[in-house]
Each structure stands twice: as C-alpha cells, then as structure tokens.
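Each chain is listed here by its residues.
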Amino acid sequence: MRFLKTLLIIAVAAGLSGCVGWRSPDGAKQTGSLVDYLYPNAKEAPTLAPSVVKLRPPVKVGIAFVPGANWNNGLPEAAKMKLLERVRDSFAKHQYIGKIEIIPSQYLQAKGGFTNLEQVARMFDVEVVTLLSYDQVQFNDTNALAVLYWTIIGAYVIHGDQYDVQTMVDAAVFDVQSHKLLFRAPGTSRVKGGATWAGLSEKQRLAAGEGYERAVDQLIPQLQTELDGFRERIKNNANYQVENKAGYKGGGAMGWISLALAVLLAGVAYAVRRRA
Amino acid sequence: MRFGVVPELLEFDRHAILAGEIWRLWTCHLVHYSTRHALIDLATAAAACSVALPVLGWRRLCLAVALTAPLIAGGLLLLAPDLIYYRGASGMAVMLVVLAACTLWRQAGIRARTALALLGVALAVKIGAEALGYTTGWSDLPADVHVAWQAHLLGVSSAALTIKILAVR
C-alpha cells in the first residue's frame, strides 16, 4: 500500500512538472528581412551603376511588407493590411504623391529580388515601392510566483510569467527603375507585461500585434521627416531629376505679353472714345 | 487652420470637384501660385474690365464673370483630363479681354479695328505657342507648373458665348 502511495505521488509530481516542461521557455522571433528579399544569396555587396533617378510627380507609390522567412512568419495578412492602410492614409495628402497602392504579401515572392519587385510594380502600375521589413523578438521569463503553478489553480490566476516583445519596423523607399534606395525610416517599440501560465500565449499574441502597432506609430512621423528631408536634398543633387508628369499641374498665366496686349487694348479704347 | 491651407481648398482639384466640391469651379480663378502670378492676371483683367465696363455696366459684367467662371473650369475638366490642379485668373482675363475688344469693335473706326484685329492675332498666336509648349521666358508660373493653355482657349469661347447671351451690341 505504501509503495502504491509513493508511486501515485511520483506520478502526480511528474505529471505536474511535465506540464511546466511543455511551456515554451525562450519565446519566438518573427523576421521579414529586406536584404533577404532584395539580395537573396548575395555573396558580395551589390553594385549600383551610377545613374540619374528620375522622379515624375505625382509619383505612383506601392507599399508592402517584405515576405517573412517562413510561411507562418509575422503578422496575419489582415493585420498587415490595416498597418499599411495607416501608412498610406498618412501620406495620401501630399500633392506630389499620385496614388498609393497597397500590395498584398502574396504578390511578393520570398527571395524574389528586384526581378520580383519590378514585376509587382508593373502589375500595380507604381514607380516607387515602400518596403516594410520587420524584426520582432518575444522573450518569456518566469518570476518567483511561478512556483504557485504547482497548485494548478495558480496556473490560472497567478501572473508568474513575464513577456517582453521588442519590435522594429523599417520602411525603405526604392525607385523601382534604378533600384536606388531613396530614403528609409525606422520605428521601434517594446511591450512588456505579465500573464498567467494559462493565458500567456494569448497575451503574447496580443502584445505582438500591439508591438507592430506602436512601431508603426513611431515610424509614420519619422518617415514623414525623412520624406521632407529627401525633398530638400534632391533640390541640389544632380543624381536626382524631378520632372512633372505632363499637364498634371497647370496655371492660368497671362504673362507679361498678355498684360501688354491688355494695355494696348485699353489704349485703343481710349483713342476710340476720345474720337467719339 | 493655417492660412496656407486656404488656396488648397479653393484651387481646381479634379478629384475634389468630381467628389462634389463644386465651389472650386468658381474659386480656382481667385487663387494663384505666386504674388507675381496673381498681380499680372489681375492687372490684365482690370485693364479689360475698364474697357468693357462703360458698354456693359456693372450688372452685366458681374453676370458675365459669374457665368463664365464655371464654364472655363468645367471645360478644363473635359478638355484637359491630365490636369489635376489649376490656379489662376487668366482664363477669366482672356474672356474679359475678348469681351472688351468686342464691345469696342462697333464703335471703332478702320484704324482701331485693324489694331483690334492685330491684338486678336497676337492673342491667337500666344495661345497656339502655349499649346505647342513654347512658353519659356514669358510664363510667370513656378518651374513645376505648366501653362494651362486650354483655359485661355476656353476664355475666348466663353467670351463668344457671353456676347451671344448678353446680346452685346
């Protein structure tokens, strides 16, 4: 009988400790690397032939997340779309931006390189593409309260787990034709919190989404600043040429010739009325 | 609201007009890209008004301006599909110049009519040159804005229509 009791205690202890052992000890990482997408298998630094980048406002812009490293890597597509819509809406007000097309991730091939980018740009009729790369690392740790998980109820009520989600989203704007990086801007965030053993995965998932949201919050004003800086830089840079698309912005301008004609008309009128 | 935003609310913006902001059909003639641009347009319009006013009177002149403003902007919507933004009173100024010349025609003698005809030819040559892109040197517009010659052509057409409607003698 004593032997059976001992066996039962060992079995229960093993079972409970096994539950603890199932938990993911480290965390997770989600990555969508711009370099992996544009320069796959590159063994040496890419060389760019010196060329003049021609920008023709209103510029047609595409915006997309670079493909992740694995099939289930990164945010769900719906969440990506919502983030891209926020970036698009904040830049739609500029006159020199004609349209901003959101490009779904499915159209971008992992390790597709500039060949894939050109195909997509042609398909969506855009000249400049903003690629959002991301890197999110989730850390899990247990604190001293985790010992109460042994009570089973503790696993549902005690916040013995801590998570720390660090996110970086980087927007890089490329001219598709010349393959040139025009400008870039980063956004980072850090979301920390505690959770019960039972609720950890859900809280982590929410924190991951919040991490992207906050990183994009930080990215938008930085991208705006970089865009303003880029506009100023290209004014005195011979490597960039800005040509308006034919007829997009017009002015009704009489010019000095027309003013002279009007003055001559007034002169004729004066002469006619004086004679009459 | 910043003061600089006001011209953007008043200018010809194709998408905004098509979305229902029809006041822009009138107000686009009031906003300009620069002070010099505004002064030259308004001086031309003022010179033409001073010629037309004795014959037409204030009432008919204001009616002509109010009627032709949306005609010119509406014509730009149809004739210049690539034109997204437009500012300037030159379409109206051309309309007033042609209207003024027509009011003067009946009173004018041979020499004055010859002068008026020459002015008409000069205006036609100018619009033709603008249509062909020969605007360098005489345009007072910023570098990234091109001359919307269609507005000038529409100004001439609007003047012809106004003469018919107002029965200018």
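Residues numbered from 1 in each chain as written. Chains lettered and ligands numbered in written order. Predicted model: local features only at pLDDT ≥ 70, side-chain atom pairs only at ≥ 80, totals over all residues. Heavy atoms only, no water.

**Examining the overall build of chain B**
Counted only if it meets this: The helix count covers DSSP runs of H or I at least four residues long, the strand count covers runs of E at least two residues long, and both are numbered beginning at the N terminus. Each residue is assigned to one of three classes by its accessible area relative to the maximum for its type, calculated with a 1.4 Å probe on protein chains only: buried under 20%, partly exposed between the two thresholds, exposed over 50%. Any pair of residues with heavy atoms lying within 4.5 Å of one another is described as a contacting pair. Each accessible area value is a Shrake-Rupley result obtained with a 1.4 Å probe; residue values ignore everything except the protein chains displayed when judging cover.
Within chain B, the regular secondary structure consists of seven helices and three strands. For chain B, the N- to C-terminal ordering of α and β elements is α-β-α-α-α-β-α-α-β-α. A burial count over chain B gives 49% of its 169 residues as buried. Within chain B, residue pairs in contact and separated by at least 24 positions form 76% of the contacts whose partners lie at least 6 positions apart. For chain B, the computed accessible surface area is about 8,400 Å², with 69% contributed by carbon and sulfur atoms.

**Some points on the interface of chain B and chain A**
Rules: What counts as buried area is the accessible surface, traced by a 1.4 Å probe, that two parts surrender upon association, with contributions from both included. Any Lys or Arg side-chain nitrogen found within 4 Å of a carboxyl oxygen on Asp or Glu counts as a salt bridge. Polar contacts, as counted here, are pairs of nitrogen or oxygen atoms within 3.5 Å of one another; within protein the pair requires one atom able to donate a hydrogen and one able to accept it, and residues that are adjacent in sequence qualify only if both atoms are side-chain atoms. Any residue outside Ala, Val, Leu, Ile, Met, Phe, Trp, Tyr, Cys, Pro, Asp, Glu, Lys and Arg is labelled polar, Gly included; the first ten of those are nonpolar and the last four are charged.
Counting residues at the interface gives 48 residues for chain B and 25 residues for chain A. By the criterion of area lost to chain A, the three top residues of chain B are Ile40(B), Tyr85(B) and Leu119(B), representing 19% of everything that side buries. For the pair chain B and chain A, the number of links is zero salt bridges. Across the contact surface, chain B and chain A share one residue pair in polar contact (both at pLDDT 80 or more). At the level of secondary structure, the elements contributing two or more residues to the side of chain B that touches chain A comprise α4 (35–79), β2 (85–87), α5 (90–105), α6 (110–132) and β3 (146–147) of chain B. Of the residues contributing to the side of chain B that touches chain A, the split by class is 30 nonpolar, eight polar and 10 charged.

**A look at the packing of helix α7 (residues 255–275) of chain A against α6(B)**
Quick reminder of the rule: To obtain an axis, a line is fitted to C-alpha atoms, over the contacting stretch when the element is a helix, and the angle between two such axes runs from 0 to 180 degrees between their N-to-C directions. Angular relationships are summarised with four words: roughly parallel below 35 degrees, roughly antiparallel beyond 145, roughly perpendicular across 65 to 115, and oblique for the angles in between. Here is the rule for handedness: rotate from the far helix to the near one, and if that takes an anticlockwise turn smaller than a right angle the crossing is left-handed, while a clockwise turn gives right-handed.
Put simply, α7(A) and α6(B) touch, their axes get as near as 10 Å, and they point 165° apart. As judged from the angle between their axes, α7(A) and α6(B) are roughly antiparallel. Taken as a pair, α7(A) and α6(B) cross one another with a handedness that is left-handed. Between α7(A), through Ile257(A), Ser258(A), Leu261(A), Leu264(A), Leu265(A), Val268(A) and Val272(A), and α6(B), the contact on the second element is made entirely by Ala112(B), Ala115(B), Leu116(B), Leu119(B), Ala122(B), Leu123(B) and Lys126(B). Counted by class, the contact of α7(A) with α6(B) contains 12 nonpolar, one polar and one charged residues.

**What to know about the side chain of Asp170(A)**
Mapped onto the secondary structure, Asp170(A) falls in strand β6 (residues 161–175). Separated by 2.4 Å, the side chains of Asp170(A) and Arg184(A) make a polar contact.

**Looking at the pattern of salt bridges**
All told, the structure shown has 12 salt bridges over all chains when counted by the stated rule. Arg190(A) is the salt-bridge partner of Asp164(A), the closest N and O atoms lying 2.7 Å from each other. Note that Asp164(A) is positioned in strand β6 and Arg190(A) in strand β7 (residues 180–195), a separation of 26 residues in sequence. The shortest N-O distance in the salt bridge between Lys126(B) and Glu130(B) comes to 2.4 Å. Highlighted residues: Lys126(B) and Glu130(B), both in helix α6, separated by four residues, approximately one helical turn. Note on accessibility: Lys126(B) and Glu130(B) belong to one class, buried. Through salt bridges that share partners, Lys60(A), Lys99(A), Glu101(A) and Asp125(A) make up one connected network.

**Brief notes about the pairing of β7(A)**
Residues and elements named next belong to chain A. The condition is simple: Pairs of strands are assigned from DSSP output, requiring at least two bridges between the strands.
Relative to β7, β6 runs antiparallel, the two sharing 15 bridges. Each bridged residue has a counterpart across the sheet, and for Gln162 the counterpart in β7 is Gly194. Taking the residues between adjacent antiparallel strands as the criterion, β6 and β7 are bridged by four residues, where His179 takes a positive phi near 65°.

**A short note on the packing of aromatic side chains**
All names here are of chain A. Here is the rule: Two rings belonging to Phe, Tyr or Trp (six-membered ring only in the last case) form a pair when the distance between their centres is within 6.5 Å. Interplanar angles under 30 degrees mark stacking, angles over 60 mark edge-to-face geometry, and anything in between is tilted.
Applying the stated criterion to the full structure yields eight aromatic pairs over all chains. Pairing Tyr39 with Phe114 gives two aromatic rings, centres 5.7 Å apart and planes at 70°, and the pair type is edge-to-face. Within this pair, whereas Tyr39 is found in the loop between α2 (34–38) and β2 (53–55), its partner Phe114 is found in helix α4 (residues 113–124), the two being separated by 75 residues in sequence. The exposure class assigned to Tyr39 is partly exposed, which follows from its relative accessible area of 26%. According to the relative accessible area criterion, Phe114 is buried, its value standing at 10%.

**Side note on the nonpolar core**
One broad rule of soluble globular proteins: the nonpolar side chains tend to lie buried together. The following threshold applies: Think of a nonpolar core as a cluster: buried Ala, Val, Leu, Ile, Met, Phe, Trp, Tyr and Cys residues, connected wherever their side-chain atoms sit within 4.5 Å.
Counting 48 residues, the largest nonpolar core has Leu265(A), Phe12(B), Leu76(B), Tyr86(B), Leu99(B), Leu104(B) and Leu116(B) as its most contacted members. Those elements giving two or more residues to this core turn out to be α7 of chain A together with α4, α5, α6 and α7 (149–165) of chain B. When residues in this core are grouped by element, the largest group, 13 residues, is from α4(B). Contact partners of Leu265(A), with chain neighbours within four places excluded, come to Val51(B), Val97(B), Ala100(B), Ala101(B), Leu104(B), Leu116(B) and Leu119(B). Counting residues in each nonpolar core, the second largest holds 34 residues, with Leu83(A), Ile102(A), Val169(A) and Ala185(A) among its members.

**Comments concerning the side chain of Thr167(A)**
Residue and element names in this part refer to chain A. Here Thr167 is to be found in strand β6. Side-chain polar atoms of Thr167 contact the side chain of Gln136, separated by 2.8 Å. Sequence-distant contacts of Thr167, defined by excluding residues within four places in its chain, comprise Asp135, Gln136, Gly187, Thr188, Ser189, Gly211, Tyr212 and Ala215.

**Topic: α4(B)**
An α-helix turns once every 3.6 residues. As a result, residues three or four positions apart point the same way. Note the cut-off: One fewer than the residue count of a helix, multiplied by 1.5 Å, yields its expected span. Consider a residue and the seven residues that end there alongside the seven that start there; fitting an axis to each set, the bend is the angle between those axes.
For α4(B), with 45 residues, the first-to-last C-alpha span of 27 Å runs short of the 66 Å given by 1.5 Å per residue. A bend of about 110° at Gly57(B) is the largest found in α4(B).

**Focus: the UniProt feature "transmembrane region" (unreviewed entry) in chain B**
We apply this condition: UniProt positions are given in the numbering used here, feature names are shortened, and annotations may be inferred rather than shown by experiment.
Here, the residues flagged by UniProt with the feature "transmembrane region" (unreviewed entry) are residues 61–78, 84–104, 116–135 and 147–167 of chain B. The span residues 84–104 of chain B shows a helical share of 71% and a strand share of 14%, and its end C-alpha atoms are spaced 36 Å apart.

**Focus: the packing of α7(A) against α4(B)**
Running from N to C, α7(A) and α4(B) point in directions that differ by 20°, and their axes come no closer than 9 Å. Put simply, α7(A) runs roughly parallel to α4(B). Our pair here, α7(A) against α4(B), has a crossing hand that is left-handed. In this structure, α7(A) uses Gly255(A), Trp256(A), Ser258(A), Leu259(A), Ala262(A), Leu265(A), Ala266(A), Ala269(A) and Arg273(A) to contact α4(B), whose residues at the interface are Arg36(B), Ile40(B), Ala43(B), Thr44(B), Ala47(B), Ser50(B), Val51(B), Pro54(B) and Val55(B). Within the contact of α7(A) with α4(B), the residues separate by chemical class into 12 nonpolar, four polar and two charged.

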